[in-house]
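Residues per chain, in single letters:
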Amino acid sequence: MSDAFSIADLSPLLPGVALWALALYLPLSVPLGRLEQALAEASLEEGLQQLVLVGGSLLLALAVGLVVELLLSWALGPGWAGSLGLIAVLGGLSLSLAAGRDDRQP
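Conventions adopted
Residues numbered from 1 in each chain as written. Predicted model: local features only at pLDDT ≥ 70, side-chain atom pairs only at ≥ 80, totals over all residues. Heavy atoms only, no water. Patch = residues over 30% accessible without salt bridge, like charges linked within 9 Å, V, L, I, M, F, W, Y side chains within 5 Å. Areas by Shrake-Rupley, 256 points an atom, 1.4 Å probe, with all protein chains shown as cover. Salt bridge = Lys/Arg side-chain N within 4 Å of Asp/Glu carboxyl O. Helix = DSSP H or I, 4+ residues; strand = E, 2+ residues; numbered from the N terminus. Buried < 20%, exposed > 50% of the residue type's maximum accessible area, 1.4 Å probe, protein only. Expected span 1.5 Å × (residues − 1). Contact = heavy atoms within 4.5 Å.

A. Seen up close, a nonpolar patch on the surface. The grouping of Leu44, Leu48, Leu51 and Val52 at the surface amounts to a nonpolar patch, some 330 Å² of accessible area in total. Looking at where leucine 44 falls in the secondary structure, it is placed in the loop between helix 2 (33-41) and helix 3 (46-76). On the basis of relative accessibility, which here comes to 35%, the residue leucine 44 falls in the partly exposed class.

Take a look at the structure:
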């Protein structure tokens, strides 16, 4: 039996990583303004610039989601870390819906 680490060892954590990446996608993609400026100054097509920007923010969210999931799994256990990810997603959704409702009020 091999003691080597493999990606299959992380498979129980993947739902929590996806939830944390979803919860952190918008907050992490907002500060990517410098990347957007650099892409605008480059001689790339508009569609390619958008693809790089969205791909970069997705990769950043997935990387941070993985780190958050691993830290919370170590501290609390994998079940609690995934549950907190779900709570973060639902909390962000409810806050965004509430902010949209405030904008429509006179």
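B. Region of the structure containing helix 3. With 31 residues, helix 3 should cover 45 Å at 1.5 Å per step; its first-to-last C-alpha distance of 44 Å lies within 8% of that length. Along helix 3, the residues classified as buried are Gln49, Leu53, Ser57, Ala61, Gly65, Glu69 and Ser73. Looking one or two residues beyond helix 3, the residue adopting positive phi is glycine 77, at roughly 110°.

C. Just the environment of leucine 24, in detail. One can find leucine 24 in helix 1 (residues 14-29). In this structure the C-alpha to C-alpha distance between leucine 24 and glycine 85, which are 61 residues apart in sequence, comes to 9.5 Å. For leucine 24, the residues in contact, after removing those within four places along its chain, are Ala61, Val64, Gly65 and Val68.

D. Spatial organisation of the environment of glycine 16. Tracing the backbone shows glycine 16 in helix 1. Given the relative accessible area of 5%, glycine 16 is considered buried. Separated by 57 residues in sequence, glycine 16 and serine 73 have C-alpha atoms that sit 9.3 Å apart. Leave out the neighbours within four places in its chain, and glycine 16 touches Glu69 and Gly82.

E. Structural detail: the side chain of glutamate 69. Along the chain, glutamate 69 turns up in helix 3. Setting aside residues no more than four positions away along its own chain, glutamate 69 makes contact with Leu13, Gly16, Val17, Trp20, Pro78, Ala81 and Gly82.

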